[in-house]
Amino acid sequence: MIRVGINGYGTIGKRVADAVRAQPDMTVHGVAKRSPDYVAVGAAEAEYPVYAADEDRTDGFREIGIDLAGMVDDLVAESDVIVDATPSGIGAQNRPLYERHETPALFQGGEDATVAEVSFNARANYDEAEDADYVRVVSCNTTGLSRFLAPLYENYGIEKARVTLVRRGGDPNQTGRGPINDAVPDPVSIPSHHGPDVQTVFPELDIDTIGLKVPTTMMHLHTVNVTLENAPEDIAAVREQLQDEDRLLTIPEYAGIDGAGTLKDFALDAGRPRGDIWENCIWEESLTLEGNDLYCMQAIHQESDVVPENVDAIRALTGHLPGPESRALTNETLGIDS
Ligand code: NAD
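This is a predicted model, so every value here is computed, not measured.

Student: Mind laying out the pattern of salt bridges, listing which residues take part and the relevant values?
Tutor: Using the criterion set out here, one finds 25 salt bridges in the structure. Close ionic contact of Arg-95 with Glu-99 constitutes a salt bridge, the shortest N to O distance being 2.9 Å. Highlighted residues: Arg-95 and Glu-99, both in helix α5 (residues 90-100), separated by four residues, approximately one helical turn. Taken together, the salt bridges that share partners define one network made up of Asp-25, Arg-147, Arg-247, Glu-309, Asp-312 and Arg-315.

Student: So what's going on with the site of the ligand? Residues and values would help.
Tutor: Residues in close proximity to the ligand total 21 residues, the closest being Thr-11, Ile-12, Arg-168, Asp-171 and Gln-302. In this structure, an oxygen atom belonging to the ligand sits 3.2 Å away from a main-chain N or O atom of Tyr-9. A distance of 2.6 Å is found between a nitrogen atom of the ligand and a side-chain nitrogen or oxygen belonging to Asp-171. Burial of the ligand by the protein chains amounts to 82% of its free accessible area of 830 Å². Here the shell around the ligand is built from residues that sort into seven nonpolar, ten polar and four charged. Three or more residues apiece are contributed to the shell around the ligand by two domains, here domain 1 (2-138 + 306-334) and domain 2 (140-300).

Student: Tell me about the packing of aromatic side chains, and name the residues and values.
Tutor: Counting across every chain of the model gives five aromatic pairs. Geometrically, the ring pair formed by Phe-107 and Tyr-134 is tilted, given 6.3 Å between the ring centres and 35° between the ring planes. Here the residue Phe-107 occupies a position in strand β6 (residues 105-107), and Tyr-134 occupies one in strand β8 (residues 134-137), the gap between them amounting to 27 residues. When sorted by exposure, Phe-107 lands in the same class as Tyr-134, which is buried. Look at Phe-120 and Tyr-126: their rings are 5.9 Å apart centre to centre, the planes differ by 55°, and that puts the pair in the tilted class. Of the two residues examined, Phe-120 and Tyr-126, each falls in the buried class. Put simply, the rings of Tyr-98, Phe-107 and Tyr-134 touch in pairs and so form one group of aromatic residues. A cation over a ring is seen here: Arg-95 above Tyr-134, with NZ or CZ 4.1 Å from the ring centre.

Student: Account for the domain arrangement of the chain, naming residues and giving values.
Tutor: Along its sequence, the chain is carved into domain 1 (2-138 + 306-334) and domain 2 (140-300). Taken over C-alpha atoms, the centre of domain 1 sits 26 Å from the centre of domain 2. At the interface, 23 residues of domain 1 touch 20 residues of domain 2. Together domain 1 and domain 2 conceal approximately 1800 Å² of surface at their shared face, both sides included; 43% is due to carbon and sulfur atoms. Contact with domain 2 buries area across many residues of domain 1, yet Arg-15, Arg-123 and Val-138 alone supply 31% of it, more than any other trio. Scanning the region where domain 1 abuts domain 2 turns up nine salt bridges. Across the salt bridge formed by Glu-309 and Arg-147, the nearest N and O atoms sit 2.7 Å from each other. The interface formed by domain 1 and domain 2 contains 14 residue pairs in polar contact (both at pLDDT 80 or more). Here the residues of the side of domain 1 that touches domain 2 are counted per class, giving nine nonpolar, six polar and eight charged.

Student: Kindly report on the side chain of Arg-272, identifying the contributing residues and their values.
Tutor: Mapped onto the elements, Arg-272 comes out in the loop between α10 (260-269) and β14 (280-283). Sequence-distant contacts of Arg-272, that is, excluding residues within four places in its chain, are made with Ala-267, Ile-277, Trp-278, Glu-279, Gly-335, Asp-337 and Ser-338.

About the criteria used
Residues numbered from 1 in each chain as written. Predicted model: local features only at pLDDT ≥ 70, side-chain atom pairs only at ≥ 80, totals over all residues. Heavy atoms only, no water. Salt bridge = Lys/Arg side-chain N within 4 Å of Asp/Glu carboxyl O. Helix = DSSP H or I, 4+ residues; strand = E, 2+ residues; numbered from the N terminus. Near = heavy atom within 4 Å. Polar contact = N/O pair within 3.5 Å; in protein donor to acceptor, adjacent residues only side chain to side chain. Areas by Shrake-Rupley, 256 points an atom, 1.4 Å probe, with all protein chains shown as cover. Nonpolar A, V, L, I, M, F, W, Y, C, P; charged D, E, K, R; others polar. Domains from an automatic or database assignment. Phe/Tyr/Trp six-rings, centres within 6.5 Å; stacked < 30°, edge-to-face > 60°. Buried < 20%, exposed > 50% of the residue type's maximum accessible area, 1.4 Å probe, protein only. Lys NZ or Arg CZ within 6 Å of the ring centre and 35° of its normal. Contact = heavy atoms within 4.5 Å. Buried area = accessible area lost by both parts, 1.4 Å probe.

As structure tokens, then:
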């Protein structure tokens, strides 16, 4: 059993904890949290041992009836692997703590790529994490793009990829984010930082990206144009290729799923935890081939697509299972693609 400690129990951390708990070969040793709030109460109710991240706030946990299992230092010492899911930039500050205890760690996509030896996507470069002690699971957008581009790269070669990312303004619990009534170039400079982030997974890939933010909390939406080196005659071949991939869902026309709202409704109807959608959602009708140019639109659920990737990264880092077996086990235990 791999003992996993989760440092930072927010949007990503709580989902990763539940996903780890669902695995037969790992256990949640505990979760470290900074604020004694409703999420901390949820962790205690889920019977995760709670560790405090901040000495000054330990009394706050006791006041709301949470018996602390220790401090974050104890969690790091007692765990085989740490998943750092603290806010962007805090992960890099935490790395010396993990080094001091010689505990391998995963970081998230909000950190610079320099925080770890490898920027990880389970479909694209699982094996590269096998000899690493520190791995960064790339961001929600980079995860979605890596999954989509990997099979195209392998089967047809990619001359150039061009992507526009229509990004959600914030997560549902981020009450202060926006815009609330606007469409904002973000970043206004072109290309955006997303392309270089994809290149941390595919160093040779030629990719340009443009980003903007819109008033929704549901999902990101990507419009993708990939110029293939050796395009097939017919889009049907690409469609079948993508449908054979795990973690890529193609949305058929008959489903009547016309946007992120209906996708989320579908996920809630299907009883998915928190309405999560771990897979890329590709509109089948949007898959189009014009000569060598492939086009499509896909939606990415920012709060959850990186969750199975974290589970696989734990196995890659600990040398526990080969990539295809890990992905299959993660998919089966979480109910992905079903
Ligand atoms: P979040 O703010 O929802 O959660 C972070 C948690 O860490 C909070 O519970 C906070 O109280 C806690 N925390 C703050 N400082 C801490 C510290 N010093 N020690 C321990 N815990 C501390 O953030 P999030 O959205 O879960 O993002 C976490 C990471 O995941 C970031 O790198 C982010 O870029 C990345 N990410 C986020 C999303 C998303 O859409 N939310 C998607 C993919 C990747």
